[in-house]
Amino acid sequence: MLQRVQTIFMTIAAIAMILMLFFPIWEKSDQNFEAEKREYAIMDSFQLRYEQHIMETGEVQLLGTQSTFLLSAGAVVAALVMLFSITRYKNRMTQVKLNALFSLITAATLVGSYLYISKANQLFDPQVQGTFLVGFYLPIVAMLNNFLANRFIRKDEKLVRSADRIR
């Protein structure tokens, strides 16, 4: 049945991974506020951009980009696995296995984003740390919802098995 509570948690997890594609993950700016030029690094799930803002003219120069396509691919694959898991509601143990695969993909995406961030943090002013944004926390939200969904799937499985013993 699709109207179970774990379906809600799995849907939230899939939506969180899809939203990761649309929100920035990390940003960093230099701390020299008196300078004529300020440098910025902004990362989303598709690319890491290095920009220089000229304060007097308001001009933005793109200094370079680095593809972070693996993060977006991981988010899409994780969302598809979760949506497929929602349709497997008749076989709860298959759902648990698919949710475990979702957790692995989501964890790999989270670790990958952290590795990209740690590499990008060395670009300019290494003493200053960047700021984690909404896109970084969305995989964590997805993993928590996946954990709750697994808990309710196992609870249903336990209830079905106990009902089979009574017959």
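Small disclaimer: the values here were computed from a predicted structure and weren't measured.

Novice: Which residues make up the overall build of the protein, and what values go with them?
Specialist: A count of helices and strands for the protein gives 4 helices and 5 strands. Scaling as 2.2 N^0.38, a compact globule of 167 residues should have a C-alpha radius of gyration of about 15 Å, whereas the protein reaches 21 Å, well beyond that. With the C-alpha coordinates of the protein rotated into their principal frame, the extents come out at 80 × 25 × 20 Å. Residues classed as buried in the protein amount to 43% of the 167 residues present. Taking all contacts inside the protein whose residues are at least 6 apart in sequence as the whole, residues at least 24 apart take part in 60%.

Novice: I'd like to hear about the packing of aromatic side chains, residue by residue, with values.
Specialist: Under the counting rule described, the total for this entry stands at 3 aromatic pairs. Both rings, one in Phe-136 and one in Tyr-137, keep their centres 5.6 Å apart while their planes meet at 85°; by these two values the pair is edge-to-face. Taking relative accessible area as the criterion, Phe-136 reaches 11% and is therefore assigned buried. The rings of Phe-132, Phe-136 and Tyr-137 are connected pair by pair, giving a single aromatic cluster.

Novice: So what's going on with the packing of helix H1 (residues 5-19) against helix H2 (residues 69-87)? Which residues, and what values?
Specialist: With their axes 8 Å apart at the nearest point, H1 and H2 run at an angle of 160° to one another. Regarding the angle of H1 to H2, the classification is roughly antiparallel. In this structure, H1 crosses over H2, and the sense of that crossing is left-handed. Together, Thr-7, Met-10, Thr-11, Ala-13, Ala-14, Met-17 and Ile-18 of H1 and Ala-75, Ala-78, Ala-79, Met-82, Leu-83, Ser-85 and Ile-86 of H2 make up the contact between the two elements. Of the residues belonging to the contact of H1 with H2, the class tally is 11 nonpolar, 3 polar and no charged.

Novice: I'd like a description of the pairing of strand S3 (residues 47-54), backed by residues and values.
Specialist: Pairing geometry for strand S2 (residues 37-43) and S3, over 7 bridges, is antiparallel. Bridge pairing in S3 places Ala-41 opposite Tyr-50. As consecutive antiparallel partners, S2 and S3 are separated by 3 residues. Summarising the sheet, S3 and strand S4 (residues 59-67) pair through 8 bridges and their orientation is antiparallel. Within S4, the residue paired with Glu-51 across the bridge is Leu-62. What sits between S3 and S4 in their antiparallel hairpin is a turn of 4 residues, with Gly-58 showing a positive phi close to 75°.

Novice: I'd like to hear about the sheet that holds strand S5 (residues 131-132), residue by residue, with values.
Specialist: Strand order in this open sheet of 5 strands is S4-S3-S2-S1-S5, and the pairing throughout is antiparallel. Unpaired on one side and paired on the other, S4 and S5 mark the two borders of the sheet.

Novice: Lay out the side chain of Gln-52 with the relevant residues and their values.
Specialist: Within the secondary structure, Gln-52 is located in strand S3. For Gln-52, a relative accessible area of 13% translates into the label buried. Ignoring any residue separated from it by four or fewer positions in sequence, one finds Gln-52 in contact with Lys-37, Arg-38, Glu-39, Glu-59, Val-60, Gln-61 and Leu-63.

Conventions we followed
- Residues numbered from 1 in each chain as written.
- Predicted model: local features only at pLDDT ≥ 70, side-chain atom pairs only at ≥ 80, totals over all residues.
- Heavy atoms only, no water.
- Helix = DSSP H or I, 4+ residues; strand = E, 2+ residues; numbered from the N terminus.
- Rg over C-alpha atoms; globule rule 2.2 N^0.38 Å.
- Buried < 20%, exposed > 50% of the residue type's maximum accessible area, 1.4 Å probe, protein only.
- Contact = heavy atoms within 4.5 Å.
- Phe/Tyr/Trp six-rings, centres within 6.5 Å; stacked < 30°, edge-to-face > 60°.
- Axes fitted to C-alpha atoms, helices over the stretch in contact; angles between N-to-C directions.
- Parallel < 35°, antiparallel > 145°, perpendicular 65-115°, else oblique.
- Left-handed = near helix turned anticlockwise from the far one by under 90°.
- Nonpolar A, V, L, I, M, F, W, Y, C, P; charged D, E, K, R; others polar.
- Pairing = 2+ DSSP bridges.

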